[in-house]
Structures are given as C-alpha cells and as structure tokens.
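Architecture at a glance
Next come the chains, spelled out residue by residue.
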Amino acid sequence: MKIIAFAASTHKQSINKQLVRYASKLLDKVEVEILDLNDYELPLYSQDKEGEIGHPQLAKDFLSKIGDSDGVLISFAEHNGSYSVGYKNLFDWCSRIEPKVFQNKPMVLLSTSPGSLGGASVLAAAVQSMPFFDGIVKASLSVPSFYDNFDAEKQIITHEELNEQFKDTVSHLNHLK
C-alpha cells in the first residue's frame, strides 16, 4: 500500500512538513512518499495563462502521484485563515485537468500553527471541501501551539494526550485495504 504525504506549504522549514514526517513514521506496513510542493512550482493560475500554456506537466505529474497512491496525508499551513498560495495554486491547476483532484482516495487531514487554534480554520475548510473533489476524509486533527507541543529535535508530539489523538488519527491510513 502506498500513501502520498505532503505539507500544503512551500516554506522550507515548515512546521507542517515536520508534522507530516512524524505522521509518516507512525504508519505501519505502508510505503509513504513525502512530496515537497516546491517541486511542483507553477505559474500563477489564470484562464489566460491556461490558454497560453495549456496544462503544465508538473500539475499532471502531481495528479499522477495521487492517482498511483492508495491514500493521501496532508498537513495544511494556514495563511490568514486559508490555504497557502503554493497549495492553492497547485490545486487550481490540477482541478483544471481533473476536477476530481483526489480521485476517490481516502485521506487524513492535519494542520498545525504556532497559535492555540493550530490552523483549525484551514483544516475545517479542507475537511468540508474535499468530498467535492473526490477526497474521502477518514480523519482530521488540528495540532495547536506547535512549538509548545512538538519536540523538533526528537520529532515527536510531547503532549501525551494530544500524541495519542494524533496516532489514532493517522492510524486511519493503516487500514485502507
């Protein structure tokens, strides 16, 4: 079984990338490929740009990664209460090629931020919208106050109860078949 995992962020030191790496280590008997959105940098989407250049190969490649997987793990960065521009732009290009971007794949959705809400706004938007794009949300969790609850050196959630919730949330990808 293969899981595609990524942080919906292009920040090189993204805390959501750290969360995705930790989540990936918790998956048993699953191959996990962690994607970096920086490898899928595209021109800013517009209908005019689409008319000029067509559908970029990088967007097609990203859709193929999803299509070839058995499930998807995403941790969303929250920018002003919404998706990061890097994620949204890639998503917009992909949706022009295949409106059902997530291709009936089971998903676990995460978010974190330095604040006490842990990216809850963007996570709520993602959970609500994924079914419209053929994503099957199996579980979701927002991790609040990242720097208080995550040990960057050990790469683990330090708050015991939150860590147990996190493990339970991620475990939904262990039982897809």
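Predicted model, so just to flag it, every value in this text is computed and none were measured.

Thresholds applied
- Residues numbered from 1 in each chain as written.
- Predicted model: local features only at pLDDT ≥ 70, side-chain atom pairs only at ≥ 80, totals over all residues.
- Heavy atoms only, no water.
- Phe/Tyr/Trp six-rings, centres within 6.5 Å; stacked < 30°, edge-to-face > 60°.
- Helix = DSSP H or I, 4+ residues; strand = E, 2+ residues; numbered from the N terminus.
- Buried < 20%, exposed > 50% of the residue type's maximum accessible area, 1.4 Å probe, protein only.
- Arc of directions from axis to C-beta.
- Axes fitted to C-alpha atoms, helices over the stretch in contact; angles between N-to-C directions.
- Parallel < 35°, antiparallel > 145°, perpendicular 65-115°, else oblique.
- Contact = heavy atoms within 4.5 Å.
- Nonpolar A, V, L, I, M, F, W, Y, C, P; charged D, E, K, R; others polar.
- Pairing = 2+ DSSP bridges.
- Right-handed = clockwise from strand over helix to strand, strands pointing away.

Notes on the packing of aromatic side chains
- With the rule as written, the count across this model stands at 14 aromatic pairs.
- For the pair Phe76 and Tyr87, a centre-to-centre distance of 5.4 Å together with 90° between the ring planes defines the contact as edge-to-face. Linking Phe76 in strand β3 (residues 71-76) with Tyr87 in helix α4 (residues 85-97), this pair joins segments that are 11 residues apart in sequence. In terms of burial, Phe76 and Tyr87 fall into one category: buried.
- The interplanar angle of 20° and the centroid separation of 4.7 Å between the aromatic rings of Phe146 and Phe150 together place this pair among those described as stacked.
- Site record: aromatic cluster; members linked through ring pairs are Phe6, Tyr40, Phe62, Phe76, Tyr83, Tyr87, Phe91, Phe102 and Phe133.

Section: helix α7 (residues 160-170)
- All of the buried residues along α7 are Leu162, Asn163, Phe166, Thr169 and Val170. Seen along its axis, α7 keeps its buried residues to an arc of 120°; they face one direction. Residues of α7 that are exposed and point over 90 degrees away from its buried face: Glu160 and Glu161.

Focus on the packing of helix α3 (residues 57-67) against α4
- One way to put it is that α3 packs onto α4 with a least axis distance of 9 Å and a crossing angle of 80°. What the angle tells us is that α3 and α4 run roughly perpendicular. Here Ala59, Lys60, Phe62 and Leu63 of α3 come into contact with α4, specifically with Leu90, Trp93, Cys94 and Ile97.
- In terms of residue class, the contact of α3 with α4 is made up of 7 nonpolar, no polar and 1 charged.

So, the pairing of strand β1 (residues 2-8)
- Counting buried positions along β1 gives 6 out of 7 residues, so the element sits mostly inside the fold.
- Summarising the sheet, β1 and strand β2 (residues 31-35) pair through 5 bridges and their orientation is parallel. Across the sheet, residue Ala5 finds its bridge partner in β2, namely Ile34.
- As a crossover connection, the stretch from β1 through helix α1 (residues 15-25) into β2 is right-handed.
- Two elements, β1 and β3, share 6 bridges in a ladder whose sense is parallel. Within β3, the position partnered with Ile3 by the bridge is Gly71.

So, the environment of Gly67
- Following the sequence through the fold, Gly67 ends up in helix α3.
- As a C-alpha pair, Gly67 and Lys105 span 38 residues in sequence and 8.1 Å in three-dimensional space.
- The residues touching Gly67, leaving out its near neighbours within four places in the chain, are Gln103 and Lys105.

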